[in-house]
Amino acid sequence: MFSRATLGLASALITVLAWAASFPLIGVALAGLDPIPLAAIRFALAACPAVIWLIITRPEMPKLVDLARLGLGGALGISIYNWLLNTGQQTVSPGAASFIINTLPIWTALMATFFLRDRFGLGAWIATIVSFSGVILIAFGQPGPMTFGNGSSLILLASILSASYFILVRGVIARYGPGTCTCWTLITGALWLTPWLPDGMAQISVAPVSVISAVMFLGLISASLGYATWSYAIGHFGPASAANFLYLVPPIAVALAWSLSGIAPDILTLLGGVVAITGVVMLRLSMARSARKAAA
């Protein structure tokens, strides 16, 4: 029988591998599906285990206002997020996309400052500038002009929307738990995407095996299993400690993209990725120091 500590560590590592693999596999899936139909079929698959989990466990039903917030979160954090990410990855390499997406803590902290009145000191502002500088370096390494609407800017917007999801549902997660909220988010996200599901089914019906396999992995492993194991990891380590595992996602995504698709990262992507993640680390250290001072 595995100990709780072993299960917690295994859950975190499974999440990291599942989410890191999603970036190169999105590139594979885009060879046969358009961005929004890909998102629609991916989360239709992911929503099925979520529905089964809710039926079996029968957790407390969220109040209508909380369900509305989860529904809006599903639109922002699943539907629009994946539309932007998939569209952006048509021109941005998987490794670069993973580095940009993992600036999420920066945008979450900024939004918490403006909307939830969290503290955001000088060190946090410096960390934000450092991380954003890394994103700019990554963007310069991608094809196409540096304009709003190119791949890098769409993926950056996806990261910001993901941050808005966490701000929107933070109180709801505290009331109902990460597992229940994740299930409702996956389900509502899939529902928002249903108008594009017929296109997704039509496109995947004529897609090669490699595309079908990538979509199956994205839906059942990266989305469904990945979110489930992440909920367990958060429950074991706590949100702040569990988030440290996410630093592993970009380098693993780069390695997987290189091994699976032969996409070698360019020097600007690697340099920008290191700078961006350094900014995220600086932010966490700054916020930890502020928390210790507030507790003293």
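Before reading on, note that the structure itself is shown above.
Position labels on residues start from 1 in each chain and follow its written sequence. Where totals are concerned, whole chains, interfaces and linings use all residues; where local detail is concerned, this predicted model gives features only for residues with pLDDT of at least 70, and gives and counts side-chain atom pairs only at 80 or more. The side-chain quantities take in all heavy atoms of the structure and omit both hydrogens and water.

**A short note on empty space enclosed by the protein**
Here is step 1 of the chain: Computed over the protein atoms alone on a 1 Å grid, cavities are sets of points where a 1.4 Å probe fits but cannot get out and pockets are open sets with protein on both sides within 12 Å along at least five of seven lines; a residue lines them when it has an atom within 4 Å of a point. Grid points are joined across faces, edges and corners, and a volume is the space filled by probe spheres set on the points. One pass over the full model with this rule turns up 1 cavity of 30 Å³ or more.
Here is step 2 of the chain: Approximately 40 Å³ is the volume attributed to the largest cavity.
Here is step 3 of the chain: Forming the boundary of the largest cavity are Ser93, Pro94, Gly95, Ala96, Val254, Ala257, Ile263, Pro265 and Thr269.
Here is step 4 of the chain: Examining the composition of the lining of the largest cavity, we find that 3 residues originate from one element, helix α4 (residues 94-101), more than from any other.
Here is step 5 of the chain: Three classes are used: nonpolar for Ala, Val, Leu, Ile, Met, Phe, Trp, Tyr, Cys and Pro, charged for Asp, Glu, Lys and Arg, and polar for all others, with Gly counted as polar. Of the residues contributing to the lining of the largest cavity, the split by class is 6 nonpolar, 3 polar and no charged. Here a strand is any run of E in DSSP of at least two residues, a helix any run of H or I of at least four, and the numbering for each starts at the N terminus.

**Overview of unusual backbone geometry**
Here is step 1 of the chain: Although it is not a glycine, Arg58 sits at a positive phi angle of roughly 45°.
Here is step 2 of the chain: Structurally, Arg58 is set in the loop between α2 (35-57) and α3 (64-88).

**Focus on the packing of α3 against helix α7 (residues 151-176)**
Here is step 1 of the chain: Running from N to C, α3 and α7 point in directions that differ by 160°, and their axes come no closer than 8 Å. Considering their axes alone, α3 and α7 lie roughly antiparallel with respect to each other. Seen from above, α3 lies across α7 with left-handed handedness.
Here is step 2 of the chain: For the contact of α3 with α7, the class distribution of residues is 18 nonpolar, 8 polar and 3 charged. Here an axis means a line fitted to C-alpha atoms, over the contact stretch when the element is a helix, while the angle between two N-to-C directions is reported on a 0 to 180 degree scale. Each angle is binned into one of four classes, with values under 35 degrees roughly parallel, values over 145 roughly antiparallel, values of 65 to 115 roughly perpendicular, and all other values oblique. Take the far helix as your reference; a near helix turned counterclockwise from it by less than a right angle gives a left-handed crossing, and one turned clockwise gives a right-handed crossing.

**Comments concerning the side chain of Ser131**
Here is step 1 of the chain: Structurally, Ser131 can be placed in helix α6 (residues 122-140).
Here is step 2 of the chain: Residues within four places of Ser131 in sequence aside, it is in contact with Thr103, Ile106, Val275, Ala276, Gly279 and Val280. Residues are treated as being in contact if the distance between any of their heavy atoms lies within 4.5 Å.

**Thoughts on the pattern of salt bridges**
Here is step 1 of the chain: The term salt bridge refers to a pairing of a side-chain nitrogen on Lys or Arg with a carboxyl oxygen on Asp or Glu at a separation within 4 Å. In total, this model carries 1 salt bridge according to the counting rule given.
Here is step 2 of the chain: Between Arg175 and Asp66 there is a salt bridge, with its nearest N and O atoms 2.8 Å apart. One end of the pair, Arg175, is in helix α7; the other, Asp66, is in helix α3, with 109 residues separating them in the sequence.
Here is step 3 of the chain: Only protein chains enter the calculation, and the probe is 1.4 Å; a residue is then buried if its accessible area is under 20% of its type maximum, exposed if over 50%, and partly exposed in between. A residue is classified by how much of its surface remains accessible, and Arg175, at 47% relative accessible area, is partly exposed.

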